[in-house]
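In case you want the letters, here they are:
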Amino acid sequence: MVSDFILLGFPCRWEIQIFLFSIFFTTYILTLLGNMPIVCAVHWDHHLHTPMYILLANFSFLEICYVNSDVPNMLVNFLSRTKYISFTRCLFQLYFFSLGPTECLFLSIMAYDRFLAICCPLYYPTIMTTKFCSSLVIFLLGLWFPLVSGSSDIHHPAAILWPKCD
């Protein structure tokens, strides 16, 4: 039974690892500082409770979760001499790493919102209501959770397309 994984990382000198740490840490902090105000502003200002801003806030929240799943462990491993990750932590990262495709789906919903606003401006308020936008977000997150939770079996994504040969 495997309990830990050894991370090989970048085979370089300590000074270069410090330099890489500072670059990734700065990028990490800027990502958090860029996305947190968006989430807070949309949450606190009721004038921003429109579909476009709700989608933008959810996208920013997903970005915060996505970045927090991998980058802190990577930063710790830049500075540590023993570079390992526990099996549980690896599964945790893999679970939240699946937020990447969810962000792509959020971008497609945001594109649909802008398409309606530009191409059907008179119908936009009746089609893209806050309730419809919220249902799209819930539907999207509802697609994500069953894909990454449930059974302990891990199947290859292409296995969905092929019939079972039992």
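For clarity, every value in this text was computed on a predicted model and none was experimentally measured.

Rules and cut-offs
- Residues numbered from 1 in each chain as written.
- Predicted model: local features only at pLDDT ≥ 70, side-chain atom pairs only at ≥ 80, totals over all residues.
- Heavy atoms only, no water.
- Helix = DSSP H or I, 4+ residues; strand = E, 2+ residues; numbered from the N terminus.
- Expected span 1.5 Å × (residues − 1).
- Bend = angle between axes of the 7 residues up to and from the residue.
- Phe/Tyr/Trp six-rings, centres within 6.5 Å; stacked < 30°, edge-to-face > 60°.
- Buried < 20%, exposed > 50% of the residue type's maximum accessible area, 1.4 Å probe, protein only.
- Core = buried A, V, L, I, M, F, W, Y, C linked by side-chain atoms within 4.5 Å.
- Contact = heavy atoms within 4.5 Å.
- Axes fitted to C-alpha atoms, helices over the stretch in contact; angles between N-to-C directions.
- Parallel < 35°, antiparallel > 145°, perpendicular 65-115°, else oblique.
- Left-handed = near helix turned anticlockwise from the far one by under 90°.
- Nonpolar A, V, L, I, M, F, W, Y, C, P; charged D, E, K, R; others polar.

Visitor: Can you walk me through helix α2 (residues 51-79) in this structure?
Guide: Two residues of an α-helix separated by three or four positions point the same way, owing to the 3.6 residues in each turn. Compared with the 42 Å implied by 1.5 Å per residue over 29 residues, the 42 Å span of α2 between its first and last C-alpha is a close match. Its maximal kink placed at Asn 68, α2 deviates by approximately 35°, while the proline Pro 72 follows within four residues.

Visitor: Please clarify how the packing of aromatic side chains should be interpreted in this entry.
Guide: Per the counting criterion, the structure on display carries two aromatic pairs. With a centroid separation of 5.6 Å and 10° between ring planes, the pair formed by Phe 21 and Phe 25 is classed as stacked. On the criterion of helical spacing, the pair formed by Phe 21 and Phe 25 is a turn pair, its members being four residues apart in helix α1 (residues 14-44). Using a relative accessible area of 37% as the deciding quantity, one classes Phe 25 as partly exposed. Here the aromatic rings of Phe 24 and Phe 78 are separated by 5.7 Å at their centres, their planes lie at 20°, and the arrangement is stacked. Of this pair, Phe 24 sits in helix α1 while Phe 78 sits in helix α2, placing them 54 residues apart in sequence. Overall, the relative accessible area of 30% leaves Phe 24 in the partly exposed class. Exposure remark for Phe 78: the relative accessible area of 6% places this residue in the buried category.

Visitor: Would you mind showing me how to read the nonpolar core here?
Guide: Among soluble globular proteins, nonpolar side chains are generally buried collectively. Judged by nonpolar contacts, the single largest core of 15 residues is most densely connected at Leu 55, Phe 106, Ile 109, Met 128 and Cys 133. Within the residue set of this core, elements represented by two or more residues are α2, α4 (99-119) and α6 (130-148). Examining the composition of this core, we find that five residues originate from one element, α4, more than from any other. For Cys 133, the residues in contact, after removing those within four places along its chain, are Pro 51, Ile 54, Leu 55 and Met 128.

Visitor: Which parts of the structure should I look at to understand the packing of α2 against α4?
Guide: Packed helices, taken two at a time, are described by their axes: the angle between them and the distance between them. Close contact between α2 and α4 brings their axes to 10 Å; oriented N to C, the two are set at 165°. Taken together, the axes of α2 and α4 are roughly antiparallel relative to one another. Helix-helix and strand crossings are classified by hand; for α2 and α4 the assignment is left-handed. Along its contact with α2, which presents Pro 51, Met 52, Leu 55, Leu 56, Asn 58, Phe 59, Leu 62, Glu 63, Cys 65 and Tyr 66, the element α4 presents Leu 99, Gly 100, Thr 102, Glu 103, Phe 106, Leu 107, Ile 109, Met 110, Asp 113 and Arg 114. Here the contact of α2 with α4 is built from residues that sort into 13 nonpolar, three polar and four charged.

Read these as geometric descriptors, not functional statements.
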